[in-house]
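Here is how the chains run, residue by residue.
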Amino acid sequence: MLTGLLPDTVNFIEYVENGSLLHGNVPLAQFSRLCELIEDDEGSVEVSLTFRQEESQRVTAVGTAMTELKLACQSCLEVMSLPVAIQIDVTLVNDENELAALPSDSDGIVVEAPMVSLTDIIEDDLILVLPMVPRHEEPCWEVQGSDVETGSVQETHRPFAKLSELIEKEAE
Ligand SMILES: [Zn+2]
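Cut-offs used in this document
- Sequence order sets the numbering: in each chain, residues are counted from 1 along the sequence as written.
- The predicted origin of the model limits local features to residues at a pLDDT of at least 70 and limits the giving and counting of side-chain atom pairs to 80 or more, whereas totals for whole chains, interfaces and linings rest on all residues.
- The numbering of helices and of strands both runs from the N terminus, where a helix is a DSSP run of H or I of at least 4 residues and a strand a run of E of at least 2.
- Here a residue counts as buried when 20 or more other C-beta atoms sit within 10 Å of its C-beta, as exposed when there are 12 or fewer, and as partly exposed otherwise, the C-beta atoms being derived from the backbone.
- Here, residue contact means that the backbone-derived C-beta atoms of the two residues sit within 7 Å.
- For the purposes of this analysis, a nonpolar core is taken to be any set of buried Ala, Val, Leu, Ile, Met, Phe, Trp, Tyr and Cys residues that are connected through C-beta atoms within 7 Å.
- Paired strands are those between which DSSP finds at least two bridges.

*Asks:* So what's going on with the overall build of the protein chain? Residues and values would help.
*Replies:* The helix and strand tally for the protein chain stands at 6 helices and 7 strands. For the protein chain, the residues scored as buried account for 19% of the 172 residues in total. Pairs at least 24 apart in sequence give 51% of the contacts found in the protein chain among residues at least 6 apart.

*Asks:* I'd love a proper account of the nonpolar core, names of residues and values included.
*Replies:* Core analysis: the biggest nonpolar cluster contains 26 residues, and F12, V47, L92, L118 and I122 have the highest contact counts within it. Excluding its chain neighbours within four sequence positions, the residues that come into contact with F12 are F51, V59, L92, P114 and V116.

*Asks:* Residues and numbers for unusual backbone geometry, please.
*Replies:* In this chain, A113 is followed by P114 through a cis amide linkage whose omega measures 5°. With respect to the helices and strands, P114 occurs in the loop between β6 (107-110) and β7 (115-117). A positive phi angle, close to 65°, is found at L77, a residue other than glycine. Turning to its location among the elements, L77 is positioned in the loop between β4 (59-72) and β5 (79-93).

*Asks:* Summarise the pairing of strand β3 (residues 44-53); cite the residues concerned and give the values.
*Replies:* As defined by bridge partners, strand β2 (residues 22-27) adjoins β3 across 6 bridges and the pair is classed as antiparallel. Paired with H23 across the bridge in β3 is S48. Pairing of β3 with β4 involves 8 bridges; the strand directions are antiparallel. What sits directly across from S48, in β4, is T64.

Without other data, these values stay purely geometric and don't point to any function.
Spelled out as structure tokens, the structure:
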């Protein structure tokens, strides 16, 4: 059983043969397309996968991925955490033709056996669960009340206000 920080690619044929569970973490920063859609790429995705050979002789990657994504709430524009858990069921194929021949209800990715990229297996499904319009579930002011001090917000804004006053004065 592989745990801890996972390599980007694994030999899935070995996993099929010994039937072991792959469990560990993939850094969020490795999901480049996902990272363009989220506010912070710190953290990691906890992955549990098994690879098994189906009757069709094709190999599927089946399991779960869990993480917490940082998104900008579209109501208050503060960063919010969204816990995400997805089911993975992806068929590994050798080329685009095999991919096109898969039943329409199954997900597939093209791999160069015996290696497969873990980010390739997971990234599309993670992107699909992102809400179109992320919003705090609680009213925004309730969520913010505890950790955002009005005082500190004003302090960060005030220097700019003073700066613009100065610029205006100099311009006169
Ligand atoms: Zn909000």
